[in-house]
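Residue strings, one per chain:
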Amino acid sequence: MPTQVKVGWRSFVSPVTTSYLLDTYNGATAAYSLRKLRTAYTGSAIRVRRSSDNTELNIGFDNNGNLDTTSLLAFVGAGNGFVTTWYDQSGNGSNLTQPTAAEQMRIVGGGAIDTLNGKPALTSNYDYAPKGWYKSTYTSSISSPVTMFNVGSNVQSGGATFLWSGFNSEMYLYSYWTDWFRIGGSAEFALQGYLQNINTQRIINAIYNGASSKIRINNGTYTTGNTGTATATGLTLGSTSISLGFAAAARYQEHIVYPSNQETNATNINANINSYYSIYSTLDTDAQAFITAASITNSTQQSAINTLV
């Protein structure tokens, strides 16, 4: 009698697990995103008010860790949806809130999700509603060094603010007029050379560390300057850190604050952010040149060419 053999059988198959950004790079003071950032976080992403009757609802994540846009659109319907709360995923409960309807950023306009580079985004405009900003429930003092990562873009050119984020009185990150991205405390300095380029998505990485403060865009070269030594409280987003009321003209997708110098991890944190949002190319220079010349847009083909080169 022939021997029976089991083919393709395993006694145990390990379940597939997902590792999120804050699982690896933990210790954030505050973390806001329209994607899931931490496995242990079980709350919602945002709380949304719909324009039809001003009813509010918490919106969470789907099984892949993305914003649950299906539930969002089902709730808002054909009208507009505005964010009343952007929940903190760090575990510190430092939620960003805005109770005033006229100052809430939009997430749905006319029944369609507001997006930036294909991903959902909170939208604010300085010249017309919504011109939104948020204040956090965070009240503890925080001192330099502090590291921030901000994902978003401006929505208009001219004398408009691209973004404001930081702590009251000190430690702020913003773009204002022309082509400067600035960070400051008791002093400030600018990274120049990046035109506003409406709706151009960027990762802005700023490190507040006295005379060794740094700022860069999309994992590029740091510009170093002196922001002074800062201690501050009261995290804000979308408004000046000194006087709440000057709202940004911007789209926001992610904002993470570490109460430490994260320069040694910054490149990897940027890479994690970029792998989700696809903001800047990570292809070999020669491979990118060939792909551009050949007008190859398929990501699988691009990756194969990059591996070959």
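Here the structure is a predicted model, which is why all the values come from computation and not from measurement.

What counts as what
Residues numbered from 1 in each chain as written. Predicted model: local features only at pLDDT ≥ 70, side-chain atom pairs only at ≥ 80, totals over all residues. Heavy atoms only, no water. Helix = DSSP H or I, 4+ residues; strand = E, 2+ residues; numbered from the N terminus. Polar contact = N/O pair within 3.5 Å; in protein donor to acceptor, adjacent residues only side chain to side chain. Contact = heavy atoms within 4.5 Å. Buried < 20%, exposed > 50% of the residue type's maximum accessible area, 1.4 Å probe, protein only. Core = buried A, V, L, I, M, F, W, Y, C linked by side-chain atoms within 4.5 Å. Pairing = 2+ DSSP bridges. Phe/Tyr/Trp six-rings, centres within 6.5 Å; stacked < 30°, edge-to-face > 60°. Lys NZ or Arg CZ within 6 Å of the ring centre and 35° of its normal.

Caption draft 1: Quick look at the side chain of Glu-254. Topologically, Glu-254 is positioned in strand E22 (residues 250-258). There is a polar contact of 3.0 Å between the side chain of Glu-254 and the side chain of Tyr-277. Not counting chain neighbours up to four residues away, the residues in contact with Glu-254 comprise Leu-21, Tyr-32, Ser-33, Arg-35, Leu-37, Trp-86, Phe-149, Asn-150, Val-151, Ile-273 and Tyr-277.

Caption draft 2: A look at the side chain of Ser-165. In this structure, Ser-165 sits in strand E14 (residues 161-168). Overall, the relative accessible area of 1% leaves Ser-165 in the buried class. Here Ser-165 is in contact with Met-148, Asn-150, Met-171, Tyr-172, Leu-173, Tyr-208, Thr-236, Leu-237, Ser-239 and His-255, once residues within four sequence places are set aside.

Caption draft 3: Expanded view of the nonpolar core. If you look at the biggest cluster of nonpolar residues, it comprises 47 residues, and the most contacted ones within it are Ile-46, Leu-72, Trp-86, Ile-107 and Phe-167. In this structure, Ala-28, Ala-31, Tyr-222 and Tyr-280 belong to the second largest nonpolar core, which totals 20 residues.

Caption draft 4: Broad picture of the pairing of strand E6 (residues 106-109). Bridge count for strand E4 (residues 81-86) against E6 is two bridges, and the pairing is antiparallel. For Phe-82, the partnering residue across the bridge sits in E6 and is Arg-106. Two elements, E6 and strand E7 (residues 112-113), share two bridges in a ladder whose sense is antiparallel. Following the sheet pairing, Gly-109 is matched in E7 by Ala-112. Linking two consecutive strands that pair antiparallel, namely E6 and E7, is a turn of two residues; a positive phi of about 60 degrees is found at Gly-110 within it.

Caption draft 5: The packing of aromatic side chains, seen in detail. Taken as a whole and judged by the stated rule, the model has five aromatic pairs. Ring centres 6.1 Å apart and planes at 50 degrees place the aromatic pair Tyr-32 and Trp-86 in the tilted group. Residue Tyr-32 is located in strand E1 (residues 30-33), and its partner Trp-86 is located in strand E4; the two are separated by 54 residues in the primary sequence. Of the two residues examined, Tyr-32 and Trp-86, each falls in the buried class. Above the plane of the ring of Tyr-276 lies Lys-119, whose end atom (NZ or CZ) is 4.8 Å from the centre. Here the guanidinium or amino end of Lys-214 rests over the ring plane of Tyr-222, the centre of that ring lying 5.4 Å away.

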